[in-house]
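# Working through the structure, step by step
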Amino acid sequence: MTTILLTGATGYIASHTWLALGAAGCQVVGLDDFSNSSPAVLQRLQALLGGEQPVFEQGSVTDAAFVESVFQRHRIDAVVHFAAFKAVGESTAKPLSYYANNIGGLLTVCEAMRRHGCHRFVFSSSATVYGKPEALPITEQARLQATNPYGQTKLIGEQILADLGAAEPHWQTGVLRYFNPVGAHASGQIGEDPRGIPNNLMPYVAQVAVGKRARLQVFGNDYDTPDGTGVRDYIHVTDLAEGHVAALRRLLETPGSFTVNLGTGRGYSVLELVRAYEAASGRPVPYDIAPRRPGDIDACYADPALAQSLLGWTAQHDLARMCEDSWRWQRMNPHGFET
Ligand code: WQD
């Protein structure tokens, strides 16, 4: 049986990927320091995995001795590296902690892999590496331009993996550039659980719909888009998880490395998402038009053709399903994972 190490395993995308890998017949070893997730996720995963006790290691990817001990305890065939800080605004305020954690953690994991002859690596990257796109839809050949420290850590991470592969061709890396992950597992048992005020649109809209927050602030309606509000490529987190399974399958079955966009290829505006959420929840989502948020771009959506041709993967869920699954999670877990 193929054993996959998931770093950042109790986080939003990783926990959904854990389930998808289990369903695909992989043995998963989860690793997390709970710096941005809850131990309660493990109990939820155990129920969703049919009662099987999750194999889990608590610690930081920046702790070399701990990471080494994980590779000594488990025979790892491939690594999916999610563990990273991911808030754009926070990264601007705390660049050193972002570089230490995101780059330091990546280097520590890759060095341990190298010592243990493990050379298949899936890297959680982001459409943020494209900055303000010159053309839409965005292909993997588009200009790369990080506009914040978080995006820089993703760009540098991709460069580290490219240099590693050039130096040691037996390394196989799959770089996955996520667009805007949203939604939740259809069971309503796991989902996005932001701490404090959500930075991202859908979790904020969900909290307005459930009555936890009064009104949504729409950051600008004077963008160069059909209704003036920002357009993004929202992708269901379950589709994203399946994209990781497809990426690992390719790394295990076919020589070589790749970089692909994981998006739907369809952009939706803020107001379109608000209307879709109201339809899915049956609840009003009142909003005000507020000033633009610094650093935001007009529109961003993927050309997903390469992931289809290379991985045989295409997103399956539409915006209505993304909102329905998000709403079920929000309604069933008004306080997230903390009971
Ligand atoms: C979406 C749209 C906002 C909140 C970010 C990161 C990116 C990735 C995904 C990690 C924009 C508008 C938002 C609100 C609003 N994260 N908005 N009111 O900025 O596209 O991407 O998250 O990889 O790296 O940059 O996502 O959900 O924050 O914003 O009007 O309260 O919603 O202006 O147009 P974004 P978002």
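Attention in this report is confined to the structure presented alongside it. Since the model is a prediction, treat every value here as computed from it, not as a measurement. Along each chain, residues carry numbers from 1 onward, in the same order as the chain's sequence is written. Thresholds applied to this predicted model are a pLDDT of at least 70 for local features of residues and 80 or more for the giving and counting of side-chain atom pairs; totals over whole chains, interfaces and linings are not thresholded and use all residues. With hydrogens and water stripped out, all remaining heavy atoms of the structure feed into the side-chain values.

### As for unusual backbone geometry
The step from Leu 136 to Pro 137 runs through a cis peptide bond, and the omega angle for that step is -5°. A run of H or I in DSSP becomes a helix once it reaches four residues, and a run of E becomes a strand once it reaches two; helices and strands are each numbered from the N terminus. The topology assignment puts Pro 137 in the loop between strand S5 (120-126) and helix H6 (149-167). One non-glycine residue, Phe 34, adopts positive backbone phi at about 60°. Here Phe 34 is to be found in the loop between strand S2 (27-32) and helix H2 (40-48).

### Brief notes about the site of the ligand
We call a residue near a molecule or strand when any one of its heavy atoms sits within 4 Å of it. Lining the immediate surroundings of the ligand are 18 residues, of which Tyr 150, Leu 201, Gln 217, Arg 232 and Asp 296 lie closest. Whenever two N or O atoms come within 3.5 Å, that pair is a polar contact, provided that in protein one can donate a hydrogen and the other can accept it, and provided that, for residues adjacent in sequence, both atoms are side-chain atoms. Residue Asn 199 places a main-chain N or O atom 3.5 Å away from an oxygen atom belonging to the ligand. Top element by residues in the shell around the ligand is strand S8 (residues 216-219). It accounts for four residues. A per-class count over the shell around the ligand returns eight nonpolar, seven polar and three charged. Under the grouping applied here, Gly and all other residues not named as nonpolar or charged are polar, the nonpolar ones being Ala, Val, Leu, Ile, Met, Phe, Trp, Tyr, Cys and Pro and the charged ones Asp, Glu, Lys and Arg.

### Digging into the sheet that holds strand S12 (residues 268-269)
A sheet is described by the order of its strands in space; here three strands give the open sequence S12-S9-S14, paired in mixed fashion. Edge positions in the sheet fall to S12 and strand S14 (299-300), since each has one partner strand and no second. Two strands are counted as paired when DSSP detects at least two bridges linking them. Relative to S12, strand S9 (residues 231-232) runs antiparallel, the two being bridged by two bridges. Residue Arg 232 lies in a different strand from S12, and its bridge partner there is Tyr 268.

### Observations regarding the pairing of strand S6 (residues 172-178)
The buried fraction of S6 is high, at seven of seven residues. Whether a residue is buried, partly exposed or exposed follows from its accessible area with a 1.4 Å probe, protein chains only, as a fraction of its type maximum: under 20%, in between, or over 50%, in that order. A two-sided burial pattern is seen for S6, the buried positions comprising Gln 172, Gly 174, Leu 176 and Tyr 178 on one face and Thr 173, Val 175 and Arg 177 on the other. Both S5 and S6 contribute to a ladder of seven bridges, which runs parallel. Directly across from Ser 125, in S6, lies its bridge partner Arg 177. Regarding topology, H6 serves as the crossover connection from S5 to the parallel S6, and that connection is right-handed. Two elements, S6 and strand S11 (residues 258-262), share five bridges in a ladder whose sense is parallel. Considered in S11, the bridge of Leu 176 is made with Val 260. We call a crossover right-handed when, viewed with both strands directed away from the observer, the connection leading from the first strand over the helix to the second proceeds clockwise.

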